[in-house]
Structure formats: structure tokens, C-alpha cells
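Structural overview for review
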Amino acid sequence: MIYKEKKQTNKKKTVAVMSVNYAAGLSPYADKGVCGLPERFDSPEELKTKVENLAQLIKESQYLVVHSGAGISTSAGIPDFRGPKGVWTLEEKGESPHFNTTFEDARPSLTHMALLGLQRAGYLKYLISQNVDGLHVRSGFPRDKLSELHGNMFVEECEKCGRQYVREKVIGVMGLKPTGRYCEVVRSRGLRACRGKLISTILDWEDALPDKDLNRADDASRRADLALTLGTSMQIKPSGDLPLLTKRKGGKVVIVNLQPTKHDKQAHLRINGYVDDVMKQLMELLGLEIPKWEGPTICESSTFPSETAVDVKPPRNISAKVEVKKDKIKEERKREATQLTEDGSVKEEAVSVKRERADFSVETDAKK
């Protein structure tokens, strides 16, 4: 009984910490990438011209994929990681970050809602996010058109049948650990409920990316003729390398970020500006209204938004033959994802999809 009370107290503490700082719940990890690089701003005239070019590219695109990072949530009060006031930047200086909101109280930014507008208008075909704040889902973006590669603060998943539950409050557990709840899915013919253990979807440093989300993101990136990255320095592999799949297949990459990114040399267009400013101008040029946020809205399917879809991952008892084929496909994807490096040369080393790690190499002003 004493153990239970202690466990519950620790859980409450975890929820409180995660409500204001997701990074504080991660395991210690030394290589977090390059933090605190200087920000660069295009002049108003240059920004206007670049956004006009972006609007034209989107109009000509047949399959637009957007890659979003922490930079799109800073205007919602959630700090990024490597910016001038980022969580890890301040950590390196021995300072503590300041938070203006909690994950539950945070409202989707203009960029979140603009992306929803682009999807509804038929321009945006797929969205790939590294963010765990849940703002894409809470904005009403269709979950069947979204890959959340690092998990979602508000989502827990049955480790037995794969059903996912979107909650109103943060789950409070990280590292794919049990949440203390059980699956309520009723099996066919009205038999007993699944009762599988529910686990968090938030990844820790050493956790494998979710197969379903990664595979869909990989497929969409290969299919895309235009990859638009918003608010990400793309330092984390393999997520940050996905836009290169579009480039390698003959598509274009557009980067919107204030700091230098790992793949700037691969960009067809590089925009240095606040993502909200860019998206506001873009929507005006496309003649689209930005949807108004009217509270957390969950949309499971882009085809039938009124129906509730069940997200099911592949069963664990896959045959050996299927497993071997699956591993082979993964190996091919590992090699292909790293074929294109910054200088256009071929890189032999495979990227492990089992671990997200920092990898960054840009020329700073000091080196220039």
C-alpha cells in the first residue's frame, strides 16, 4: 500500500513536469546537436519575393509534404530546443527555460491552423512532424494524413492490439512505458475487451521510431514533388533526412527556418523568417482563409471526419518470411536515406532507424 501511494505521487510529479517541459523527462543524452546558432532574417522585400516563389511552387505541385519542427510552436508559448532561448541552449549556459503555458493550455499557432487550411484546400497531401505537443492533432488535422515520429503527449496506445486513444490531458509517462490503463476495445461477437496494457507514445532517446508513422512518412517523402520544412534545423536522424528523399526523387525542397539547417545546400528555396509570418503571407497569396480554432478538435480521417478510425499497428506474431522481407525493405531505406549528403556525394554509412541521434554540420559565420 505504501508503494502504491509513492508510485502515484511520482506519477503526479511526472505529469506536472511534462506539462511545462517535455525535455526534462528525457533520459540524459550528451549529443543534442549544435545549439544557439545565430538567427538570420530576410528583409521584408526579400521575404515577400521568396513567399511569392513558394506560393507558385505550391500551385504547381502535385504532392506537397510538410515537415514541421519545434519552431512552429514557439508562438504558442512552447519553447524550441536549439534556438537562442531554446531549452537545450539555455541548459548549456546553466540557465533554466521559462514557459508561458502548459501543453493542455497551449493553442495551435497560426502555422498549425494554416496547415489545416492547406490540407482542406487540397494542396497539402501529408504532414510529418517531430513535435510531441499534440497541437497538430488538437487543431483538427486529419490523423490519417499525419505522422508524429516522436509521439504525442496526449496519445496512448495498446501494446496488444495497437488501438490508440487521444486524451484531453497529457499522458504523464514517457519512453513507451505503461500508463496504468487498459485497452477497452471489445472484440468481435461482443466478447470480452482486449484489456491490453496502454503505453505512452512519447519516445526517449534510445526508443525506436513507430513503424507505422515512419513507413508512411517515408512513402510520402518519396512520392512528394515538393517538401516544405517549417521550423526545424533537421539535426535529428532519421527524421531530418526525410526531405532528402524528395530531393533524390527529383522533387524540390523549401526550407523555412531562422537558424542555419543541415540541408540548406540542398534547398531550392531558403526562407529566413518567422514561420507564422511566412504562412500568413502564403495563405493570402493562395487566396485561402486560415481556419479559426474553436477548441481541441480530433479528426481521425480526412475522408470521413465524422467516423472514428481505429489505428492498428501490425500484430507482433508476424511470420518469419514476412519479417525478413520487412527487414530488407528497412535496410534499403536506410541506405537510400543517406545517399545524398550536403556536398552531393554518396555516403555509405547507414542511418539507424532504431535511434534518433543528433547530427549536424554547418558553416557558421565564424568559420566563414
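Residues numbered from 1 in each chain as written. Predicted model: local features only at pLDDT ≥ 70, side-chain atom pairs only at ≥ 80, totals over all residues. Heavy atoms only, no water.

1. A closer look at the pairing of strand 4 (residues 155-158)
Which entries qualify depends on this criterion: Using a 1.4 Å probe on the protein chains alone, a residue whose accessible area is under 20% of its type maximum counts as buried, one over 50% counts as exposed, and one in between counts as partly exposed. Secondary structure elements are taken from DSSP: a helix is a run of H or I of four residues or more, a strand is a run of E of two residues or more, and numbering for both begins at the N terminus. Here, strands pair whenever DSSP counts at least two bridges between them.
The side-chain alternation of strand 4 yields two buried faces, one formed by Val-155 and Glu-157 and the other by Glu-156 and Cys-158. Pairing geometry for strand 4 and strand 5 (residues 164-166), over three bridges, is antiparallel. Paired with Glu-157 across the strands is Gln-164, a residue of strand 5. The antiparallel hairpin formed by strand 4 and strand 5 contains five residues in its connecting segment, where Gly-162 sits at a positive phi of about 90°. Here three bridges tie strand 4 to strand 7 (residues 197-200), and the two strands are oriented antiparallel to one another. Residue pairing for strand 7: Glu-157 is matched across the bridge by Ile-199.

2. Some remarks on the pattern of salt bridges
Selection rule: Any Lys or Arg side-chain nitrogen found within 4 Å of a carboxyl oxygen on Asp or Glu counts as a salt bridge.
The full count for this structure, using the stated rule, is ten salt bridges. The shortest N-O distance in the salt bridge between Lys-50 and Asp-42 comes to 3.1 Å. Between Glu-52 and Lys-48 there is a salt bridge whose closest N-O contact spans 2.6 Å. Separated by four residues within a single helix, Glu-52 and Lys-48 lie in helix 2 (residues 44-60), roughly one turn from each other. Here Glu-52 falls in the partly exposed class, since its relative accessible area comes to 33%. If you follow the salt bridges from partner to partner, you end up with Asp-42, Glu-46 and Lys-50 in one network.

3. Overview of the packing of helix 4 (residues 110-120) against helix 8 (residues 275-285)
Which entries qualify depends on this criterion: In this description, a line fitted to the C-alpha atoms serves as the axis of each element, helices being fitted only across the stretch in contact, and the angle between N-to-C directions of two axes falls anywhere from 0 to 180 degrees. Helix crossings get a hand from a simple test, with the near helix turned counterclockwise from the far one by less than a right angle marking a left-handed crossing and a clockwise turn marking a right-handed one. The contact definition used throughout considers only heavy atoms, calling two residues in contact when any of these lie within 4.5 Å. Three categories are distinguished: nonpolar for Ala, Val, Leu, Ile, Met, Phe, Trp, Tyr, Cys and Pro, charged for Asp, Glu, Lys and Arg, and polar for the others, with Gly belonging to the last.
For the pair helix 4 and helix 8, the least separation of the axes is 9 Å and the interaxial angle reads 35°. Seen along the crossing, helix 4 lies across helix 8 with a hand that is left-handed. Across the interface between the two elements, Leu-110, Thr-111, Ala-114, Leu-115, Gly-117 and Leu-118 from helix 4 touch Val-275, Asp-276, Met-279, Lys-280, Leu-282 and Met-283 from helix 8. A breakdown of the residues in the contact of helix 4 with helix 8 according to their chemical character gives eight nonpolar, two polar and two charged.

4. A few points about the side chain of Ser-147
Keep this limit in mind: In the analysis that follows, any N or O atom pair within 3.5 Å is treated as a polar contact, provided that within protein one partner can donate a hydrogen and the other can accept it, and provided that, for residues neighboring in sequence, both atoms belong to side chains.
If you trace the backbone, Ser-147 turns up in strand 3 (residues 146-148). Only 2.8 Å separates the side chain of Ser-147 from the backbone oxygen of Asp-213, close enough to count as a polar contact. Once you skip the residues sitting within four places of it in the chain, Ser-147 turns out to touch Tyr-126, Leu-127, Ile-128, Ser-129, Asp-213, Arg-216 and Ala-217.

5. Here's the deal with the environment of Leu-146
Mapped onto the elements of the fold, Leu-146 is located in strand 3. When the C-alpha positions of Leu-146 and Arg-216 are compared, they lie 8.6 Å apart, and in sequence the two are 70 residues distant. When neighbours within four sequence positions are excluded, Leu-146 is seen to be in contact with Tyr-126, Leu-127, Ser-129, His-136, Val-137, Phe-141, Asp-213 and Arg-216.

6. Looking at helix 6 (residues 211-223)
Put simply, the rule is: An expected span of 1.5 Å times one less than the residue number is assigned to each helix.
For helix 6, spanning 13 residues, the distance from its first C-alpha to its last is 18 Å, which sits close to the expected 18 Å at 1.5 Å a residue. Here helix 6 has its buried residues at Asp-213, Leu-214, Ala-217, Asp-218, Ala-220, Ser-221 and Arg-222.

7. Brief notes about the side chain of His-136
In this structure, His-136 sits in helix 5 (residues 135-138). Residue classification places His-136 among the buried residues on the basis of a relative accessible area of 1%.

8. Thoughts on the confidence of the model for the protein
What counts is decided by this rule: The predictor reports its confidence for every residue as pLDDT, a score running from 0 up to 100.
Chain-level pLDDT for the protein is 77 on average; 69% of the residues reach the 70-or-more range. A low-confidence stretch, residues 1-20 (pLDDT under 50), is modelled with 20 contacts involving residues beyond four sequence positions or located in other chains. Low confidence marks residues 304-368, where pLDDT is under 50. Its contacts with residues over four positions away, or in another chain, come to 119 contacts.

9. Focus on the sheet that holds strand 8 (residues 226-230)
As summarised here, the arrangement of the six strands in space is 3-2-1-8-10-11, forming an open sheet in which the pairing is parallel. Two strands bound the open sheet, and with one partner strand each, they are strand 3 and strand 11 (269-271). The average angle at which neighbouring strand axes cross in this sheet is 15°, direction not considered. Alignment of strand 1 (residues 64-68) against strand 2 (residues 124-129), held across five bridges, turns out to be parallel. Its bridge partner lying in strand 2, His-67 is registered against Ile-128.

10. Side note on the packing of helix 2 against helix 8
Let me state the cut-off plainly: To sort the angles, those under 35 degrees are grouped as roughly parallel, those over 145 as roughly antiparallel, those from 65 to 115 as roughly perpendicular, and the leftovers as oblique.
Look at helix 2 against helix 8: their axes get within 9 Å of each other, and the N-to-C directions meet at 55°. As summarised for this structure, helix 2 and helix 8 are arranged oblique, according to the angle between their axes. Judged by the twist between their axes, the crossing of helix 2 over helix 8 is right-handed. Packed against helix 2, whose contacting residues are Leu-47, Lys-48, Val-51, Glu-52, Leu-54, Ala-55, Ile-58 and Lys-59, the element helix 8 presents Val-278, Gln-281, Leu-282 and Leu-285 at the interface. Of the residues belonging to the contact of helix 2 with helix 8, the class tally is eight nonpolar, one polar and three charged.

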